[in-house]
Amino acid sequence: MRVGITYDLRAEYLSQGYGEEQTAEFDSLETIDSIDEALRGLGHQTDRIGNIRSLTGRLAAGDRWDLVFNIAEGMYGFGREAQAPALLDAFAIPYTFSDPLVLAVALHKGFTKTLVAGLGVATPDFAVVGVDSDAAGIGLGWPVIAKPVAGGTGAGISRSSKANNQHELTALCRKLLDQFEQPVLVETFLPGREFTVGILGTGPQARVIGVMEILLHDNAEPEVYSYANKRDYLTRVSYRLAGEQIAAQAAEMALRVWNGLGCRDAGRLDFRCDGSGNLNFLEINPLAGLHPVDSDLVILGRMVGINHRDLIRMIVSSAGERVPAGARKGNA
């Protein structure tokens, strides 16, 4: 097939003056190169499109593709991850990963948690703080954790994200509101073990490839899988496959959320245990990072024997079911 690649290149935004945490979700050239190489190794013709503005220009110029491998995160608004897929939908061009509705809902952690609770999956009690005054009298009990409602890659999460009283919470919410210019999710802090679940496939073909436990070292920021811990994971974090019983529980919950929300192709879900050891859903990333070495889904894949090229192949195979048969056969 002729496969376009949409993405936000982190170096471009850094050169324009955006900060490290603002661009944490964007991709390195190494990631783009590795995806491009994998696609070409699978026999496809590739075309690097770039971000939403580049995509808009290319479409206006009449360019088309059999499939777009979309990892564009976008910069602005709750619909930022949905922008490229929505534009591709308008031109009836198939693409990898979830549709605009799923990506927009999943980016907003508060909306996601409301839907997940409706699916019968446990998730910590929460509130969304839109202005400073909302932080008063939330009534969740202490401690709580606060984070940007639409952040990713641990952005806005640090050792200071846990609040033990009203004064700490108010100050924390004010800081996050000012820094990230978006509402803040406040939820009951869970003190237990943390896991991430990798999924490949769509609908009835969706399957959990593994459940990975996240273990913080003594030199890590304590109690949270923070931006700094993710950035310096080689020295601060260890990973291991979860034991059979808790892995089975996490897999069942993850698939219920994945299919309940209508996610596609590949992604990752995060869970944490409460003080009694019960698993709770934290968040879902239906547009998970694909750095060939450092991304959690890729790390998990390696642990279960799926290398980066095979991961890309499986994603394209799932998305390829939405490509018209003529395009698949004519460009094999």
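Examining the overall build of the protein
Step number 1: Helix and strand counts for the protein come out as 13 helices and 12 strands.
Step number 2: Relative to the compact-globule value of 20 Å for 332 residues, the protein shows a C-alpha radius of gyration of 20 Å, a close match.
Step number 3: Dimensions of the protein, computed from the C-alpha atoms along their principal axes, are close to 60 × 45 × 40 Å.
Step number 4: Burial statistics for the protein: of 332 residues in total, 53% are counted as buried.
Step number 5: Within the structure as shown, the protein displays about 13900 Å² of accessible surface, and the carbon and sulfur contribution to it stands at 51%.
Step number 6: Computing the positive centroid from 31 side-chain charges and the negative centroid from 40, the protein places the two 3 Å apart.

Examining the sheet that holds strand 2 (residues 45–50)
Step number 1: In space, the 3 strands of this open sheet follow the order 2-1-3, with parallel pairing throughout. Of all strands in the sheet, those bounded by a partner on one side alone are strand 2 and strand 3 (67–70). In this sheet, neighbouring strand axes are inclined to one another by 25° on average, regardless of whether the strands run parallel or antiparallel.
Step number 2: By the bridge criterion, 5 bridges tie strand 1 (residues 2–6) to strand 2 in an arrangement that is parallel. What sits directly across from Gly4, in strand 2, is Asp47.
Step number 3: Contacting strand 1 and strand 2, helix 3 (residues 52–60) runs over the sheet at an angle of about 115° to strand 2.

Observations regarding the sheet that holds strand 7 (residues 184–188)
Step number 1: Sheet architecture is open: 4 strands sit in the order 4-7-5-6, paired in antiparallel fashion. Looking at which strands have only one partner, the edges of the open sheet turn out to be strand 4 (126–129) and strand 6 (162–163).
Step number 2: Here 2 bridges tie strand 5 (residues 144–148) to strand 6, and the two strands are oriented antiparallel to one another. From the neighbouring strand, Ile145 faces strand 6, where its bridge partner is Lys162.
Step number 3: Helix-sheet contacts for helix 7 (residues 166–180) involve strand 4, strand 5, strand 6 and strand 7, and the interaxial angle to strand 5 is about 10°.

Observations concerning the pattern of salt bridges
Step number 1: Applying the stated rule across the entire model yields 24 salt bridges.
Step number 2: Across the pair Arg58 and Asp63 runs a salt bridge, and its minimum N-O distance is 2.4 Å.
Step number 3: The class of Asp63 is partly exposed, set by a relative accessible area of 24%.
Step number 4: A single network of salt bridges, built from pairs that share partners, joins Arg2, Asp47, Arg58 and Asp63.

Brief notes about the packing of helix 2 (residues 29–41) against helix 12 (residues 308–320)
Step number 1: Remark: helix 2 packs on helix 12, axes separated minimally by 9 Å, with the N-to-C direction vectors making an angle of 70°. Taken together, helix 2 and helix 12 sit at an angle that is classed as roughly perpendicular. In this structure, the crossing between helix 2 and helix 12 has a hand that is right-handed. Contact residues: helix 2 offers Ser34, Ile35, Ala38, Leu39 and Gly41, while helix 12 offers His308, Arg309, Ile312 and Val316.

So, unusual backbone geometry
Step number 1: For the bond running from Trp142 to Pro143, omega is -5°, close enough to zero to count as cis.
Step number 2: Within the secondary structure, Pro143 is located in the loop between strand 4 and strand 5.
Step number 3: Phi at Glu223 takes a positive value of approximately 75°, unusual for a residue other than glycine.
Step number 4: Its location among the elements puts Glu223 in the loop between strand 9 (207–216) and helix 8 (227–231).
Step number 5: Classification of Glu223 as partly exposed rests on a relative accessible area of 37%.
Step number 6: Phi at Asp265 takes a positive value of approximately 75°, unusual for a residue other than glycine.

Thoughts on the packing of helix 3 against helix 4 (residues 83–90)
Step number 1: Where helix 3 meets helix 4, the axes come as close as 10 Å, and the angle between the chain directions of the two elements is 10°. One finds that helix 3 runs roughly parallel with respect to helix 4. The crossing of helix 3 and helix 4 is left-handed. Residues Ile52, Leu55, Thr56 and Leu59 of helix 3 form the contact with helix 4, whose participating residues are Gln83, Ala84, Leu87 and Leu88.
Step number 2: In terms of residue class, the contact of helix 3 with helix 4 is built from 6 nonpolar, 2 polar and no charged.

Observations concerning the pairing of strand 11 (residues 266–273)
Step number 1: For strand 11, the tally of buried residues reaches 8 of 8 residues, placing the bulk of the element in the interior.
Step number 2: In strand 11, alternate side chains face the same way, and those of Ala266, Arg268, Asp270 and Arg272 on one face and Gly267, Leu269, Phe271 and Cys273 on the other are all buried.
Step number 3: Pairing geometry for strand 8 (residues 194–200) and strand 11, over 7 bridges, is antiparallel. The residue bridging Phe195 from the neighbouring strand is Phe271, located in strand 11.
Step number 4: Strand direction decides the pairing type here: strand 11 and strand 12 (residues 279–285), joined by 6 bridges, are antiparallel. Residue pairing across strands places Arg268 opposite Asn285, the latter belonging to strand 12.

What counts as what
- Residues numbered from 1 in each chain as written.
- Predicted model: local features only at pLDDT ≥ 70, side-chain atom pairs only at ≥ 80, totals over all residues.
- Heavy atoms only, no water.
- Helix = DSSP H or I, 4+ residues; strand = E, 2+ residues; numbered from the N terminus.
- Rg over C-alpha atoms; globule rule 2.2 N^0.38 Å.
- Buried < 20%, exposed > 50% of the residue type's maximum accessible area, 1.4 Å probe, protein only.
- Areas by Shrake-Rupley, 256 points an atom, 1.4 Å probe, with all protein chains shown as cover.
- Lys, Arg positive; Asp, Glu negative; His and termini not counted.
- Charge placed at Lys NZ, Arg CZ, Asp CG, Glu CD.
- Pairing = 2+ DSSP bridges.
- Axes fitted to C-alpha atoms, helices over the stretch in contact; angles between N-to-C directions.
- Contact = heavy atoms within 4.5 Å.
- Salt bridge = Lys/Arg side-chain N within 4 Å of Asp/Glu carboxyl O.
- Parallel < 35°, antiparallel > 145°, perpendicular 65-115°, else oblique.
- Left-handed = near helix turned anticlockwise from the far one by under 90°.
- Nonpolar A, V, L, I, M, F, W, Y, C, P; charged D, E, K, R; others polar.

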